[in-house]
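# Architecture and fold: a report
Read off the chains here:
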Amino acid sequence: MGKDGSGKEQQVTVISEDAPVNTGAASWPDPEGSHEAVRTIQGKLHCWAVADGDRRFDDLYNWVCDPRVLTVAWMRVAGNAGSRTAGVDRATVSWIESRYGVEAFLHGVREQLRSRTFTPAPVRQVMIPKASGKLRALGIPTVTDRVVQAALKLILEPIFEADFQSCSYGFRPNRRAQDAIAEIHHFTSKSYEWVMEADIEACFDNIDHAALMGRLRARIGDKRVLTLIKSFLKAGVLTTTGSMEGTISGTPQGGILSPLLANVALSVLDDHFTGQWQSMMAIEQQRQKRRRHGQANYRLIRYADDFVILVTGTREHAEALRGDVAAVLAPMGLSLSREKTHVVHIDDGFDFLGFNIRRMRKRGSQKRFVYTRPSRKAIASIKERIRTMTYRNTLRHDPGYLFGYLGRVLRGWANYFRHGVSKRAFNAIDSYAWERITHWLRRKHRIGWPELRRRFCLPGTWRLVHDGERFRGAATVTVTRYRYRGYRIPTPWTPSPAV
């Protein structure tokens, strides 16, 4: 802020490379303009980070406080499915909108940040069941904390995306699980026959704070931002029993910033294996020389805390990588799960991200190909969902509601698996759903098969319909091949090549 000749304060638009733009905005910005402005800011940060791999960003805090950044952060929090979930203060997005109004609320958050009086509240612990039958602890921050975390992520993510390696796919923009599966398919279709399938033991709970902050400091020189991140790490947890617990390690699952921080921590693994690949195995002649000398070639593919290492060599080569991985993870306070870490041959197959990946002989041929299809666990999970939605206690629902809701669930599930060899699985799931639905209809209306066919099927068929609305399940989703996109997947801020 500055003063004009009359002594009144006037706005100063900062246009230097390292400082934020329009930090003294008089009126709160509109959402559409905020999106464009934030995308411009992110693009600049990403380009600067790419251009100079050693650059440390010294003035980011004012950007976190920028009204446009906070506006976009609010929209992301409000548009999230968890907007109806409250933190320890019991405030939800709708409650804040009705009680304070969005603009007044964001003004208050910004003033707390600018005056350095903002203090994160403890997260509210919620226990959710895992597929294994155990419970996973989620930490639910307050809406205020979620907005600040979203603002931090908007500013930090473009910087760290410049450093993240191409072998990681989880919780990153423009990347998805299918990219990881496509890369695995690409390498296992060649000579990478041994797979070390690994899982990190309680990754989000055990990340060492000092080691994480050290990796953050390599890029972030603004102590205010580092202090704010550390305050979130140390905020504590309000447990389900009502007691307060400190957090001496880890990042609570459920926070908006946690996936980015986990990727920063786990990038130590990516950097190690990518460095070895680029220095010793990136060129075909190098890989051939290593094979002639009885050495293995290997490549890491990671999705969040789940990863595989594909190995061309022997089982002993794959087993030997356990110690290498353990040594890399130890400084971050992390260790491998003994139960979920094992070495398998591609002909025996393995499960990863819900897919079963296995090399098999093609029917009617002697050639062998790598197939990806929904795993047994994934199929059992969707069948359990169908059973739950057609239990006796759901008989009060209208058939049209059941057809529509269950159809959306099945098509959503199928959309995830549609890039695998999934058509047979989709048909089997639809057949199972048909049996459950028809049993549900007969029980609800106390009718036999002839009456059910007359009332709830298309004429002359057994295809389910109600009030003109057909039941459309998983088999209506078209199975298509997912093309491997290679190592260079552009980020949302990668400049388009000049035409």
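A brief structural summary. Everything numeric in this text was worked out from a predicted model, so none of it was measured. (Residues numbered from 1 in each chain as written. Predicted model: local features only at pLDDT ≥ 70, side-chain atom pairs only at ≥ 80, totals over all residues. Heavy atoms only, no water.)

This brings us to unusual backbone geometry. Notably, Leu353 is not glycine yet its phi reads approximately 55°, a positive angle. Tracing the sequence through the fold places Leu353 in the loop between β11 (350-352) and β12 (355-361). The exposure class of Leu353 is buried, given its relative accessible area of 18%. (Helix = DSSP H or I, 4+ residues; strand = E, 2+ residues; numbered from the N terminus. Buried < 20%, exposed > 50% of the residue type's maximum accessible area, 1.4 Å probe, protein only.)

Structurally, Ala304 is set in the loop between β8 (297-303) and β9 (306-312). In this structure, the C-alpha to C-alpha distance between Ala304 and Arg172, residues 132 residues apart in sequence, is 9.4 Å. Other than its neighbours up to four places away in sequence, Ala304 contacts Gly170, Phe171 and Leu266. (Contact = heavy atoms within 4.5 Å.)

With that out of the way, let us pick up the environment of Leu260. Following the sequence through the fold, Leu260 ends up in helix α11 (residues 258-281). The class for Leu260 is buried, based on a relative accessible area of 5%. Counting along the chain gives 172 residues from Leu260 to Tyr432, while the straight-line C-alpha distance between them is 39 Å. When sequence neighbours within four positions are dropped, the list of residues in contact with Leu260 reads Lys153, Leu156, Glu157 and Phe164.

Now for the pattern of salt bridges. One pass over the structure, following the stated rule, counts 20 salt bridges. In this structure, Glu284 and Arg291 form a salt bridge, with 3.5 Å as the shortest nitrogen-oxygen distance. Under the relative-accessibility criterion, Arg291 is labelled partly exposed at 37%. When salt bridges with common partners are traced through the structure, they connect Glu193, Asp347, Arg359 and Arg368 into a single cluster. (Salt bridge = Lys/Arg side-chain N within 4 Å of Asp/Glu carboxyl O.)

Let's shift gears to the packing of helix α14 (residues 376-389) against helix α16 (residues 423-445). α16 packs onto α14 with a crossing angle of 20° between their chain directions and a minimal axis gap of 10 Å. In terms of their interaxial angle, α14 and α16 are classed as roughly parallel. You can see that α14 and α16 cross each other, and the crossing is right-handed. Of α16, the residues touching α14 (which contributes Ile379, Ile382, Lys383, Ile386 and Arg387) are Ala425, Ile429, Tyr432, Ala433 and Arg436. Residues belonging to the contact of α14 with α16 are distributed by class as follows: 7 nonpolar, no polar and 3 charged. (Axes fitted to C-alpha atoms, helices over the stretch in contact; angles between N-to-C directions. Parallel < 35°, antiparallel > 145°, perpendicular 65-115°, else oblique. Left-handed = near helix turned anticlockwise from the far one by under 90°. Nonpolar A, V, L, I, M, F, W, Y, C, P; charged D, E, K, R; others polar.)

A few words now on the sheet that holds β8. Read across the sheet, 4 strands follow the order β8-β9-β5-β10 without closing on themselves; strand pairing throughout is antiparallel. Both outer strands of the open sheet, β8 and β10 (342-345), are each paired with one neighbouring strand and no more. Ignoring which end each strand starts from, the neighbouring axes of this sheet average 20° apart. As judged from the 6 bridges shared by strand β5 (residues 194-199) and β9, these two strands associate in the antiparallel manner. Across the sheet, Asp199 pairs through a bridge with Asp306, a residue of β9. The strands touched by helix α7 (residues 177-188) are β8 and β9; relative to β8, the strand with the most contacts, the crossing angle is about 165°. (Pairing = 2+ DSSP bridges.)

Looking now at the sheet that holds strand β4 (residues 135-140). Taken in spatial order, the 4 strands line up as β4-β3-β6-β7 in an open sheet, and their pairing is mixed. Of all strands in the sheet, those bounded by a partner on one side alone are β4 and β7 (244-245). Two elements, strand β3 (residues 123-129) and β4, share 6 bridges in a ladder whose sense is antiparallel. Within β4, the position partnered with Val126 by the bridge is Leu138.

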